[in-house]
Every structure is written in structure tokens, then in C-alpha cells.
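Commentary on secondary and tertiary structure
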Amino acid sequence: MSLEAKITQDIKAAMIAKDNVRLRGLRAIKAAILLANTEKGHAEALTEEGEIKVLQKLAKQRKESAEIYQQQDRKDLYTIEIEELEVIEEFLPKQLDRDAVENVVKGIIAETGATSIKDMGKVMGAANQKLAGQADGRTISEVVKSLLS
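Residues numbered from 1 in each chain as written. Predicted model: local features only at pLDDT ≥ 70, side-chain atom pairs only at ≥ 80, totals over all residues. Heavy atoms only, no water.

As annotated in an unreviewed UniProt entry, the protein chain is Aspartyl-tRNA amidotransferase subunit B from Sphingobacterium cellulitidis.

Laid out in C-alpha cells, this is it:
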């Protein structure tokens, strides 16, 4: 079952259960997937990898918005963003912790023979490919910088 079909099923269940918080998050996911499917240049439906990228983008947006709302002491809006983020994260692959990312990056550094910060691009490319969907770009970048410097 595709992610889009699963989301549609979950929307129906949330409507029946009158779970407005979950419904809001699911509708945001469905809207983003529909938008990505209808973007110019996409002749066919999104692949599973494409769907995960859309979910990661939504999660990142929610995290950034939540940080801003927290800084501005807007607890009402902060709560909404965090609730939607929790729904979105249900559909993302399990995220690796920083130690696991560090171990993978160490292996990539050994494979590529990187020795200095000048090799960061080479390591980042391989790390982003290997850790796609399992860690966000910011964490990967921080780990690569710390290990290469």
C-alpha cells in the first residue's frame, strides 16, 4: 500500500474518531504529497523515496516553525506545530541517533580516504546517500565537520 493510500485511510479513521489533531497532521501530509505529484516535470507518481523526502521537508518546516514560536513565547502555535510534527514522524523511517550517524560517517571517511575539511563535499555526498531518510542533513553536516576538523 502506498503512503498516499495509507494517509487516506488514516484520514477516514481520524474523521470517524473525531481526532482533530491527527486529522490536521494527516491533511498536511496528503496536501504536500498531492502538490509534489502535480508539480511541473513529474510525469508519474512519487516513488517511496520521493514521499520520504516530502515528509522530511514537512518535518523540518514544523521543527523550524516550532522553534520560532517558542522564541516568541507563542505556546498556542508551538503546540500545534509539535502535534503535527508527531503525526508526520509516524510515517518517517526511524531516525538514527547522533552516535549511530557518527559511526556511519567514520566508515565513509575511511572508505573515501578523506583527511581534512577540504574533503567535506565528498564525504557529505556519500553520507547523504547512505543515510537518506535516517538522519537530517544538519546532523550529518555537524558530524562530518567535527570528524574532519
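Here the focus is the overall build of the protein chain. When helices and strands are tallied, the protein chain shows 7 helices and 0 strands. Sequence-ordered secondary structure for the protein chain, helices as α and strands as β, is α-α-α-α-α-α-α. Here the C-alpha coordinates of the protein chain stretch approximately 55 × 45 × 25 Å along the principal axes. Split into buried and exposed, the 149 residues of the protein chain put 34% on the buried side. The long-range share in the protein chain, meaning contacts at least 24 apart out of those at least 6 apart in sequence, stands at 60%. Within the structure as shown, the protein chain displays about 9,500 Å² of accessible surface, and the carbon and sulfur contribution to it stands at 52%. The protein chain carries 23 positive and 25 negative side-chain charges, and their two centres are separated by 2 Å. (Helix = DSSP H or I, 4+ residues; strand = E, 2+ residues; numbered from the N terminus. Buried < 20%, exposed > 50% of the residue type's maximum accessible area, 1.4 Å probe, protein only. Contact = heavy atoms within 4.5 Å. Areas by Shrake-Rupley, 256 points an atom, 1.4 Å probe, with all protein chains shown as cover. Lys, Arg positive; Asp, Glu negative; His and termini not counted. Charge placed at Lys NZ, Arg CZ, Asp CG, Glu CD.)

Turning next to the nonpolar core. Formed by 21 residues in total, the largest nonpolar core has its most connected members in Ile7, Leu26, Ile29, Leu55 and Phe91. Going through the elements one at a time, helix 1 (3–17), helix 2 (20–38), helix 3 (48–71) and helix 4 (75–90) are the ones with two or more residues in this core. With 6 residues, helix 2 is the largest single contributor of residues to this core. Setting aside chain neighbours within four positions, we find Leu55 in contact with Leu3, Ile29, Ile88, Phe91 and Leu92. If you look at the next biggest cluster of nonpolar residues, it comprises 15 residues, including Val105, Ala114, Met124 and Leu148. (Core = buried A, V, L, I, M, F, W, Y, C linked by side-chain atoms within 4.5 Å.)

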